[in-house]
Amino acid sequence: MSSDASDEWKKWHEQRVEAVSEPYGPLALTGTHWLDDHPGGRLPDIPGIWAADGDGLVLTAAAADGLTVDGRTPAGEVRLAADTGAVAAARVAYGERRLVVLVREGLWGVRDFDPGAETRRVFGGIDATPYDPRWSVPGRFTSYGEDRTVRVKNHDGRERGLELVGSLAFALGGREFSLQVAAQGDVLWAVFADSTSGDGSFRFRFLYPAAPDAEGRTTVDFNRAQLPPCAFADHFICPFPPPGNTLDIAIEAGERNLV
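This section reports on the structure supplied with the text. Treat the numbers as computed from the prediction; the structure is a model and nothing was measured. (Residues numbered from 1 in each chain as written. Predicted model: local features only at pLDDT ≥ 70, side-chain atom pairs only at ≥ 80, totals over all residues. Heavy atoms only, no water.)

This brings us to the pattern of salt bridges. When charged atoms on two side chains of opposite charge get close, those side chains can pair. Taken as a whole and assessed by the stated rule, the structure comprises 16 salt bridges. When the shortest N-O distance is used, the salt bridge between Arg 121 and Glu 118 registers 2.5 Å. In this pair, Arg 121 and Glu 118 both sit in helix H2 (residues 118-122), three residues apart, roughly one turn of the helix. For Arg 121, a relative accessible area of 57% gives the class exposed. Among the charged side chains, a salt-bridge network with shared partners connects Asp 45, Arg 97 and Asp 112. (Salt bridge = Lys/Arg side-chain N within 4 Å of Asp/Glu carboxyl O. Helix = DSSP H or I, 4+ residues; strand = E, 2+ residues; numbered from the N terminus. Buried < 20%, exposed > 50% of the residue type's maximum accessible area, 1.4 Å probe, protein only.)

Glancing now at the state of the cysteines. Summed over the entire model, instances satisfying the criterion amount to zero disulfides. Its sulfur unpaired, Cys 230 is 3.1 Å from the next cysteine sulfur, which belongs to Cys 238. On the basis of relative accessibility, which here comes to 2%, the residue Cys 230 falls in the buried class. Judged by its relative accessible area of 5%, Cys 238 is buried. (Disulfide = S-S within 2.5 Å.)

Where strand S10 (residues 136-153) and strand S15 (residues 217-221) come together, five bridges link them in antiparallel fashion. Each bridged residue has a counterpart across the sheet, and for Arg 140 the counterpart in S15 is Arg 217. Sheet topology places S10 next to strand S11 (residues 159-172); eleven bridges connect them, and they run antiparallel. Directly across from Ser 143, in S11, lies its bridge partner Gly 166. Linking S10 back to S11 in an antiparallel pair, the connection comprises five residues, with Gly 157 at a positive phi of about 90°. (Pairing = 2+ DSSP bridges.)

Turning our attention to the environment of Tyr 24. Relative to the elements of secondary structure, Tyr 24 occurs in the loop between helix H1 (3-21) and strand S1 (29-34). Considering only alpha carbons, one finds Tyr 24 and Leu 57, 33 residues apart in sequence, at a separation of 22 Å. When sequence neighbours within four positions are dropped, the list of residues in contact with Tyr 24 reads Val 87, Ala 88, Glu 96, Arg 98, Phe 113 and Pro 115. Side-chain polar atoms of Tyr 24 contact the side chain of Arg 98, separated by 3.5 Å. (Contact = heavy atoms within 4.5 Å. Polar contact = N/O pair within 3.5 Å; in protein donor to acceptor, adjacent residues only side chain to side chain.)

Structure, rendered in structure tokens:
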């Protein structure tokens, strides 16, 4: 085993534990509220009146509500776009809580991140299998030419589109496999399950291979398979694996479950 690779994996694992447990990490999410589910604009345990308005939201609040927008107390209506940065930088705050505006397929919602969430207090770590070089193999990416959108069920029970950009082929244990992948910034993104899913590991996991080179080459390293955000808080809407991404092999590597 390469000690360098093992050491790098340990650093990665430690950074993952720190990231998910930080004050506004995924463990802090206590609610995702879709405005269509609250036609009066009153969200559970959140002051103000929230209304979708075309390409944004309108928040109506008074000083007595205790909200701040950009660090200031609002008076009347404030127009909000979707938050795209770090949770801690969300425009709307309610004490220590951060209220993150999001939009999915034209539907607007508000996420409530609370550093005092019970999930943060009881978090004991991430159960992850130690680094094993057998789970890090060459991969070859083939673009679809044009993106394909498939409808997949999400963790909240709703179906949404998942935009796929190509397939990623690799070999494990002398067998050939492939995953349909999306793109997130400069890396690929695979949502996958395997024969351990739901029995030894979470029901599905995420993998982020590096961007392929000009010939489509990258590395498929299941040592860095990640628990999806919905493993840390039920209020995330994570997509389930698309067709073909449930592998008939036990991927006994990477993050498995919460401790």
